[in-house]
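Topology and contacts: notes
Spelled out, the chains give:
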Amino acid sequence: MGDDDRRAGPAQPFYERVNHERIRRGWTQVKLAEQSGVDRATIHRMRAAKPQPDTVFALAATLDIDRDEALRLAGLVPGGAGGALPSLAEDPEVDELLARLPARRRAILERFRDSERERVRRLREQAEAEAAEAGRRFKELVRIEVEESE
């Protein structure tokens, strides 16, 4: 196993996508850091550790990567079939299986499902809030750049 294999972390796919998009644009790592506002060291750390959502959003916005795809690639949300985010929505098959369990075990699993639904809801709210903040920061950056260039 090489050094790269030992350092690869859950966000490695996002790191690779970011590098691909950076190279496709002919940008250096310094240029990517300047354009995204994300420190080069922070980008490099994505190889071994999950980045913060605001880091993912900033890089995704800079490189025109779909936000949901970026979150999946960065390991911040699980991937789903067909690129859709998975859901803990009612599922008749799961409900049928739950009905076959003793009441005590069924109640434990239903509480677990409820807590996971709440966790996913909070993650989505956080992601939306951070995306809005990233958009506001980017808008302000563009405004400053326009004012300075005039």
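Below: a short report on this structure. In this text, all values refer to a predicted model and were calculated from it rather than measured experimentally.

1. Thoughts on the packing of aromatic side chains
Scanning all chains against the criterion turns up 0 aromatic pairs. Across the ring face of Trp27, the terminal group of Arg25 is positioned such that the distance to the ring centre comes to 5.7 Å.

2. What to know about a nonpolar patch on the surface
There is a patch of nonpolar side chains on the surface, built from Phe138, Leu141, Val142 and Val146 and spanning about 320 Å² of accessible area. Along the chain, the position of Leu141 falls in helix H8 (residues 103-149).

3. So, the nonpolar core
In terms of nonpolar packing, the biggest core is built from 23 residues, with Phe14, Val18, Leu32, Ile43, Met46, Leu59 and Ile65 touching the most fellow members. If you tally residues by element for this core, the top one is helix H5 (residues 53-63), at 6 residues. Contacts of Met46, omitting those with residues within four sequence positions, involve Ala11, Gln12, Phe14, Tyr15, Val18, Pro51 and Leu59.

4. Details of the pattern of salt bridges
Applying the stated criterion to the full structure yields 14 salt bridges. Note that Arg122 and Glu118 form a salt bridge whose closest N and O atoms lie 3.7 Å from each other. Remark: Glu118 and Arg122 occur in helix H8; sequence separation between them is 4 residues, near one turn of the helix. Owing to a relative accessible area of 43%, Arg122 belongs among the partly exposed residues under this scheme. Glu118 gets classed as partly exposed once you look at its relative accessible area, which sits at 30%. Here Glu140 ties to Arg143 by a salt bridge, and the two come within 3.1 Å at their closest N and O atoms. Of this pair, Glu140 and Arg143 both sit in helix H8, 3 residues apart, roughly one helical turn. Relative accessible area serves as the criterion here: at 39%, Arg143 is assigned to the partly exposed category. Each of Arg17, Glu21, Arg24, Arg25, Asp64 and Glu69 takes part in a single network of salt bridges with overlapping partners.

Rules used throughout
Per chain, residue numbering runs from 1 following the sequence as it is written. pLDDT decides what is reported in this predicted model: residues at 70 or higher carry local features, side-chain atom pairs at 80 or more are listed and counted, and totals for whole chains, interfaces and linings draw on all residues regardless. Side-chain calculation: all heavy atoms of the structure are included, whereas hydrogens and water are not. By convention, a stacked pair of Phe, Tyr or Trp rings (six-membered ring in the case of Trp) has centres within 6.5 Å and planes under 30 degrees apart, an edge-to-face pair has planes over 60 apart, and any other such pair is tilted. By definition, being over a ring means that NZ of Lys or CZ of Arg is both within 6 Å of the ring centre and within 35 degrees of the ring normal. Within this analysis, patches are made of residues with over 30% relative accessible area and no salt bridge. Like charges are joined at 9 Å or less; nonpolar side chains (Val, Leu, Ile, Met, Phe, Trp, Tyr) at 5 Å or less. Computed by Shrake-Rupley with a 1.4 Å probe, the accessible areas treat only the displayed protein chains as cover when residues are assessed. Put simply, a salt bridge is a Lys or Arg side-chain nitrogen that is within 4 Å of an Asp or Glu carboxyl oxygen. A helix here means a DSSP run of H or I that spans at least four residues, while a strand means a run of E at least two residues long, and both kinds are numbered starting from the N terminus. Nonpolar core, defined: a set of buried Ala, Val, Leu, Ile, Met, Phe, Trp, Tyr and Cys residues in which side-chain atoms within 4.5 Å join the residues together. Residue exposure (1.4 Å probe, protein chains only): buried if accessible area is under 20% of the type maximum, exposed if over 50%, otherwise partly exposed. Only heavy atoms matter for contacts: two residues are in contact if any of them lie within 4.5 Å across the pair.

Nothing here speaks to function; it is all geometry.
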